[in-house]
Amino acid sequence: QNTMRHIRHDATRELLHAQGPLLLLITAIFTIYFAQETAEIPWWGSFMVFPAAITEAWREALGGHLGIDQLKEFGTLLSYAFLHGSPEHVINNMLFLWIFAALIAELVGHRWMFATFAFTAVSGALLHVVLNRDEFIPMLGASGAVMGFEGAYLGLAVRWLLPDPHVWPMSRPISPGQLALIGVAGLAIDYYSLLSRSESNVAYAAHMGGFAGGLIMAALIPVKPRGARHR
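First, a word on scope: everything that follows refers to the structure included in this document.

## What about the overall build of the protein?
Of regular secondary structure, the protein possesses 8 helices and 2 strands. For the protein, the succession of helices and strands along the chain, N to C, is α-α-α-α-α-α-β-α-α-β. Considering the protein as a whole, with its 231 residues, one finds that 41% of them fall into the buried category. For the protein, restricting intrachain contacts to residue pairs at least 6 apart in sequence, the fraction spanning at least 24 positions comes to 81%.

## Observations regarding the nonpolar core
If you look at the biggest cluster of nonpolar residues, it comprises 50 residues, and the most contacted ones within it are Leu97 and Phe117. Apart from the residues within four sequence positions on either side, Phe117 is in contact with Leu25, Ile29, Ala81, Phe82, Leu97, Ala142, Ala145 and Phe149.

## Digging into the side chain of Ser193
Along the chain, Ser193 turns up in helix α7 (residues 176–195). A polar contact of 2.9 Å, which involves the side chain of Ser193, links it to the backbone oxygen of Ile189.

## Focus: the packing of aromatic side chains
Tallying each qualifying case throughout the model produces 3 aromatic pairs. With a centroid separation of 5.8 Å and an interplanar angle of 90 degrees, the aromatic rings of Trp43 and Trp44 are classed as edge-to-face. Judged by its relative accessible area of 36%, Trp43 is partly exposed.

## Description of the environment of Tyr80
Looking at the secondary structure, you find Tyr80 in the loop between α3 (68–79) and α4 (87–108). Taking C-alpha positions, Tyr80 is 8.6 Å from Ala125, a pair spaced 45 residues apart along the chain. Apart from the residues within four sequence positions on either side, Tyr80 is in contact with Phe47, Met48, Val49, Ala121, Gly124, Ala125, Met139, Leu140 and Gly141.

Rules and cut-offs
- Residues numbered from 1 in each chain as written.
- Predicted model: local features only at pLDDT ≥ 70, side-chain atom pairs only at ≥ 80, totals over all residues.
- Heavy atoms only, no water.
- Helix = DSSP H or I, 4+ residues; strand = E, 2+ residues; numbered from the N terminus.
- Buried < 20%, exposed > 50% of the residue type's maximum accessible area, 1.4 Å probe, protein only.
- Contact = heavy atoms within 4.5 Å.
- Core = buried A, V, L, I, M, F, W, Y, C linked by side-chain atoms within 4.5 Å.
- Polar contact = N/O pair within 3.5 Å; in protein donor to acceptor, adjacent residues only side chain to side chain.
- Phe/Tyr/Trp six-rings, centres within 6.5 Å; stacked < 30°, edge-to-face > 60°.

These values are about where atoms sit, not about what they do.
Here you go:
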């Protein structure tokens, strides 16, 4: 019994060491969603992306009026990724964030994992704004960043011969190529949905922008992924 307890303790410590910062990020996002759900006043409205507001702030900045109001609007290009619209929305995003962000953290470290989250959230929001620049419909959710991690993993798999990853809930390692194809398939679905102008509240452009941002991040990361080999 003591041996089993020791094994569980070591496994928990190993998990926290490997994924602690990512689990803190996921916990923070769940906490923010709980605050959204329990608030009497919708305080989060000013943290969502409103494409028309971003467009106007950009025009004002180009005209020489770059102040607090414009910077606040630009800040929503990141803050929206911490907000969610329903329990299904946040649970699905956090599940896939856990899978793919954990892989990036394992390969290149937590600093690059956080940088990828921020960069791809912004790149996803930017493409959404560019394609919907006069829309007043708000956008929220971390799915752009989730797709960003999928793009980053694909980019690393192209650059390096990566070790076979263990992906929960599968009990055995799978090939990096098979895992990267999941992201490619998701991107193809988003592209088709965007072209067909599917009547949905899903921000397909943000998914595509996040995925593209992930590919860019993979090209910029200077460190060799752990366990990888040169092609």
